[in-house]
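Here are the chains, one letter per residue:
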Amino acid sequence: MTELSQIRNFSIIAHIDHGKSTLADRLIQFTGGLTDREMSEQVLDNMDIERERGITIKAQTVRLSYTAKDGVTYELNLMDTPGHVDFAYEVSRSLAACEGALLVVDAAQGVEAQTLANVYQSIEHDHEIVPVINKIDLPAAEPEKVRAEIEDIIGIDASEAVLASAKSGIGIAEVLEAVVQKIPAPKGDREAPLKAMLVDSWYDPYLGVVILVRVIDGVIKKGLQVKFMQGGTQHLIDRVGCFTPKRIELPELGPGEIGFITAQIKEVEQAKVGDTITTVKGGATEALPGYKEVQPVVFCGLFPVDAADFEKLRESIGKLRLNDASFSFEMESSAALGFGFRCGFLGLLHLEIIQERLTREYDLDLITTAPSVVYRIQLRASKTEDAQEIFLHNPADYPDPSRIETIEEPWIKATIYTPDEYLGSILKLCQDRRGIQTDLTYVGGRAQVSYELPLNEVVFDFYDRLKSISRGYASFDYEQIGMREGDLVKMGIMVNGDPVDALSMIVHRSVAEERGRHMCERLKDLIPRHLFKIPIQAAIGGKVIARETISAMRKDVTAKCYGGDITRKKKLLEKQKKGKAKMREYGNVSIPQEAFIAALRMGEE
Amino acid sequence: MARALYIHWPFCLAKCPYCDFNSHVRDRIDVEIWRKSLHCDLRHEAELASGERLESIFFGGGTPSLMAPELVSTLLEEAERLWGFAPGIEITLEANPSSVEASKFKDLAAAGVNRVSLGLQSLDDDALRFLGRLHDSSEGLSALSTAQNAFSRVTFDLIYALPGQTPEQWQRMLERALSFGTSHLSLYQLTIEPGTRFATMVRQGNFTPLDDDAAADLFTLTREITAAAGLPAYEISNHARPREESRHNLTYWRYGDYVGIGPGAHGRRGGKATVRHKKPENWLSAIESQGHGIAEERVLGLNEQASEALLMGLRLAEGIDLQALSARFGIAPDALVDQARLNFYSAQGLVKKQGPRIIVTEAGMPLLDALLGELVPADLVTA
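Residues numbered from 1 in each chain as written. Chains lettered and ligands numbered in written order. Predicted model: local features only at pLDDT ≥ 70, side-chain atom pairs only at ≥ 80, totals over all residues. Heavy atoms only, no water.

1. Some thoughts on the overall build of chain B
Helices and strands together make up the secondary structure of chain B, namely 16 helices and 15 strands. Counting the 383 residues in chain B, one finds 57% classified as buried. Long-range pairs, those at least 24 residues apart, make up 71% of the contacts in chain B with a sequence separation of at least 6. Element-wise, carbon and sulfur atoms account for 50% of the exposed surface of chain B, whose accessible area totals about 15,300 Å². (Helix = DSSP H or I, 4+ residues; strand = E, 2+ residues; numbered from the N terminus. Buried < 20%, exposed > 50% of the residue type's maximum accessible area, 1.4 Å probe, protein only. Contact = heavy atoms within 4.5 Å. Areas by Shrake-Rupley, 256 points an atom, 1.4 Å probe, with all protein chains shown as cover.)

2. Some remarks on the packing of aromatic side chains
One pass over the full model with this rule turns up 26 aromatic pairs over all chains. Ring centres 5.3 Å apart and planes at 50 degrees place the aromatic pair Phe462 of chain A and Phe476 of chain A in the tilted group. Placement of the pair is Phe462 of chain A in helix α10 (residues 455–469) and Phe476 of chain A in strand β27 (residues 475–485), with a sequence separation of 14 residues. Given the relative accessible area of 0%, Phe462 of chain A is considered buried. Overall, the relative accessible area of 11% leaves Phe476 of chain A in the buried class. Seen in terms of ring centroids, Tyr18 of chain B and Phe198 of chain B are 6.5 Å apart; in terms of plane orientation they differ by 45 degrees. Their pairing is tilted. On the criterion of sequence distance, the pair formed by Tyr18 of chain B in the loop between β1 (4–9) and α1 (31–48) and Phe198 of chain B in helix α8 (residues 197–203) is long-range, its members being 180 residues apart. For Tyr18 of chain B, a relative accessible area of 13% gives the class buried. (Phe/Tyr/Trp six-rings, centres within 6.5 Å; stacked < 30°, edge-to-face > 60°.)

3. Points about the interface of chain A and chain B
When the parts of a complex come together, some accessible area is lost, and that lost area is often taken as the interface size. At the junction of the two partners, chain A supplies 30 residues and chain B supplies 52 residues. Interface area, chain A with chain B, both sides summed: about 3,900 Å², of which 56% is carbon and sulfur. If you look at where chain A meets chain B, you find seven salt bridges. Salt-bridge contacts for Glu193 of chain B lead to Arg568 of chain A; the nearest nitrogen and oxygen are separated by 3.3 Å. At eleven residues, helix α12 (residues 567–581) of chain A tops the list of elements feeding residues into the side of chain A that touches chain B. Looking at side-chain class alone, the side of chain A that touches chain B contains ten nonpolar, six polar and 14 charged residues. (Buried area = accessible area lost by both parts, 1.4 Å probe. Salt bridge = Lys/Arg side-chain N within 4 Å of Asp/Glu carboxyl O. Nonpolar A, V, L, I, M, F, W, Y, C, P; charged D, E, K, R; others polar.)

4. Points about unusual backbone geometry
Cis geometry is found at the peptide bond from Thr244 of chain A to Pro245 of chain A, where omega equals 5 degrees. Phi at Arg243 of chain B is positive, roughly 70 degrees, even though this residue is not glycine. Mapped onto the elements of the fold, Arg243 of chain B is located in the loop between β8 (238–240) and α10 (247–253). Its identity is not glycine, yet Tyr255 of chain B carries a phi of approximately 60 degrees, on the positive side. The topology assignment puts Tyr255 of chain B in the loop between α10 and β9 (259–261). A relative accessible area of 4% means that Tyr255 of chain B is categorised as buried.

Printed below as a string of structure tokens:
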């Protein structure tokens, strides 16, 4: 156990690519946590996806032992927090476990929207912020300009910002020294009843569920019988330790310390982020503030491309869920796509991550339907049913419109940060997506604009459009701001007169026609010509709002077939049959799976 | 057992840019070895599939008109010795319409050939050059006239739907072709086959094939004109006055057995498919080492046979007799043809039921491949 005065708990805030992971690596290396040989690039991001995308999905900590200039050896707990708003709650818990943060800003790129959201959160947690201007050895580095940006945009004193280049190892000692000098030591009472915050948890095949904790008061040690105050379960602690980043077992964790425990827990669902851990006997009476049940906000259907993979998908989703209690799933069957699951996610990135992990780690080919959000619908009483409130996340379950009193949809506040030359197009995009501008400020050649936007407009393809119109320069961040009533309707798609449920979507009446036209046009390109002409219609209720026609095939015949060689002709037929097996039959129309995927995919190809 | 014999002569003077048939260009050909080897291949098949007299023989290629008439003659003698000839046997030989080859027509007729299929391909010199043919239109027409004097039956091939070809151009050519008094015509749409020089040229952007819509219009036009002239289509690309159809080719389309000898020849022998070595040299050495040129002999399951019978039979204007096929292969009619789809496409006018027969209509013919994909149940098509 370490004296409170010798502990520093901090996180690193940075935009993607601004060098968070590299800096963390250097800090570990500098303090001798790992030898050079053991250092693999970016130690903290374990998952392939984390490394490839440069994002952190699960919180992790590293305990560094650092002897400062004052001769004292400090225990520095570096908390690597998830870097995305989808995990805002997890981030808030990680931040709550720290007393300060390093704000890493790229000396060439300057402050980005994502940085802002995280730094404000950190400030809300009363953190001491230590600015670090990174990549100062880049030719395009403008540290003074960035220093001014930090002061102007974020509003914190950056006069003592550390100038560093994590990649080249410049300024690492200064960063560590600043952590010790500027970030306050944690407070806590060793004699008080145990109160430890559950910061994060994950499933380890050898250890079971590993729980990351920050001890507030009291001491946590092996053999202790504890209870989770929110979860209401009791467990026997069988391991206590920390990561350096190697896993090391310790006799105990005292106040102010961050480390891990295991307690023979089988499912992460039992270890809810933000829960308070205390002793069964003589435990705390009051839980720590800030606990929240996370609710999925974005939904989509996941279906196996090969129907035979359904069981494999079920198993794989089950396994993933072992490690990520924040996504939900239930079985769904669609006439077009067969059996699959309706899954709920914390946001779009979360959706993509899960989808990618299923594809990659479990080797599944998946069809992902259009993401949708949760709508709150007030239903009037009918002859047979009472008035009631329902939550709708699958357009296929859209109720009888005559019973709908109101529909509410989730809204977000989006902060977009962009070089000002793209501002015009971005404002138009937001306007087209029913956005309401709430703020617009210019700093240097950059603009920061805030919009309130319906989430369903954002899940469609907003992010891709934003990236494309700003050539990748605009950054985007959002937070949810609650439900609002809207004039929302279900737009159905009919192919050859038959409704195709998997293609239906809920849209605002004002954009329905445009969306419908767009969808019909895309389907026209995606569905191959048939032996007869195929009308494609978008409709609201019985009213057709857009229509395209796929003209009939004119010619498909092998001209020459003699000499008794039937082989090629037969191969053609076999190929045709195989091709057909990959399509879904709608009446007499075969729709290729790619059509569903492409038509429903967020974003343009 | 087989009543049709196909003999493949794999050599050409030059390879045409559209052709994906088994043809090869060689400087020297040892006629004696080829004579012996073809005889050997013949005898092998006769041992396995004899008992009935031959009703048709077809010399295909390659360019069989390059064969010495003596070689044709000995092969026919051998075939007659092995199987016997039915009265009125049809003996067809594919010929190039060049003056050199035309000079052999008399001798070929004397050898027993009674039907010639002339590869005229076009009546337009620019088109002939584009198609890489070695003859021009006047040489072709004079060969046609020589052939018509030498043989009782003469058919010729034309290739249409060339890049940029208009309906008016094609109609003029076709009407002219019909004026030559032929009783049989093979009219093929140009298709770009993989591995041909044309395929490369299209890939490199040297020309763009006629699009499907325009080609479909030409197809319909062709059928209207030939029908009006008394030579309706009896198969996708073949047109004849009644009873002037190629009996040999009808055997394929009606899915009868046929013997195929020579390099790359295919045969059907009592539920078995035979394929001979394609490359002339490989075929020769196979003959030498095993006494026949077979590269692959495979038993066809009943499902596979049925699917072959369907995809060949529906090419014919007469269509297929579903009950007869059902009895022949022991497969229920609705397992041979998807009945729901049949009804659907009947309503669309692409196919029709006529007593026990299923017939693809005029509207359905240009879509036959796609239609087969719809009508033939997946279970029948072996992967």
